[in-house]
Amino acid sequence: MAISTVALPRRSYVHLIYALISAGCPLIAFVIISVYLRYAYPEYTPSHDSPLADLIDTMFSVGVGSFVGLVFAGLSLKCRGRLFSFGTAALLFNTALAAFVIYFFFFQHSINW
């Protein structure tokens, strides 16, 4: 009589990979846009005379990254829809960054440098 073994299904970590990508998206977007601006426009150098231009570039890149991060956080929650998970934390993190960027661009009309 042979003993049969039952193969247990492998645990999927796709939701964790999506959540990690989501949490890193703002930083990744900032680095990619900074490198692009440096090499696509060699005459573009961050000037210390105008910190507003540097701030706008930074806020734009973080905003793009946080919106892409929201998509990956949604994918993470779709794969594993638990209330308390790393995907939920990534969603809250990216939502806070996106709300800050929206507030900065649309409601801060009087920045005096």
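The model shown is predicted, which means the values in this text are computed figures rather than measured ones.

Would you take a moment to explain the packing of helix α1 (residues 14-40) against helix α3 (residues 86-107) for this structure?
At a minimum axis distance of 9 Å, the contact between α1 and α3 shows a crossing angle of 20 degrees. Considered as vectors, α1 and α3 are oriented roughly parallel to each other. As for how α1 packs across α3, the hand of that crossing is left-handed. Counting all contacts with α1, which are made through Leu16, Ala19, Leu20, Ser22, Ala23 and Pro26, the residues of α3 involved are Phe86, Gly87, Ala90, Phe93, Asn94 and Leu97.

Sorry, what's going on with the side chain of threonine 88 here?
Looking at where threonine 88 falls in the secondary structure, it is placed in helix α3. Apart from the residues lying within four places of it in its own chain, the contact partners of threonine 88 are Leu77, Arg82 and Leu83.

Help me out: how do you make sense of α3 in this one?
Note that an α-helix has 3.6 residues per turn; residues three or four places apart therefore point the same way. Compared with an ideal rise of 1.5 Å per residue, which puts 22 residues at 32 Å, α3 spans 31 Å between its outermost C-alpha atoms and is within 8% of the ideal. Residues of α3 that are buried include every one of Gly87, Thr88, Ala90, Asn94, Ala98, Val101 and Phe104, and no others.

Quick question: what am I supposed to make of the packing of aromatic side chains here?
Two numbers describe a pair of aromatic rings. These are the distance of the centres and the angle of the planes. Under the defined criterion, the tally for this structure stands at two aromatic pairs. Ring plane angle 40 degrees and centroid distance 6.1 Å describe the contact between tyrosine 18 and phenylalanine 72, whose orientation is recorded as tilted. With a gap of 54 residues between them, tyrosine 18 in helix α1 and phenylalanine 72 in helix α2 (residues 51-79) connect regions that are remote in the sequence. Ring centres 5.4 Å apart and planes at 75 degrees place the aromatic pair phenylalanine 104 and phenylalanine 105 in the edge-to-face group.

Looking at this structure, I do not really get α1. What am I missing?
Taking the largest bend as the criterion, α1 deviates by roughly 50 degrees, centred on cysteine 25, and proline proline 26 comes between one and four positions later. Inspection of α1 places His15, Ala19, Ser22, Cys25, Pro26, Ala29 and Leu37 among the buried residues, and these make up the whole buried set.

Definitions and limits used
- Residues numbered from 1 in each chain as written.
- Predicted model: local features only at pLDDT ≥ 70, side-chain atom pairs only at ≥ 80, totals over all residues.
- Heavy atoms only, no water.
- Axes fitted to C-alpha atoms, helices over the stretch in contact; angles between N-to-C directions.
- Helix = DSSP H or I, 4+ residues; strand = E, 2+ residues; numbered from the N terminus.
- Parallel < 35°, antiparallel > 145°, perpendicular 65-115°, else oblique.
- Left-handed = near helix turned anticlockwise from the far one by under 90°.
- Contact = heavy atoms within 4.5 Å.
- Expected span 1.5 Å × (residues − 1).
- Buried < 20%, exposed > 50% of the residue type's maximum accessible area, 1.4 Å probe, protein only.
- Phe/Tyr/Trp six-rings, centres within 6.5 Å; stacked < 30°, edge-to-face > 60°.
- Bend = angle between axes of the 7 residues up to and from the residue.

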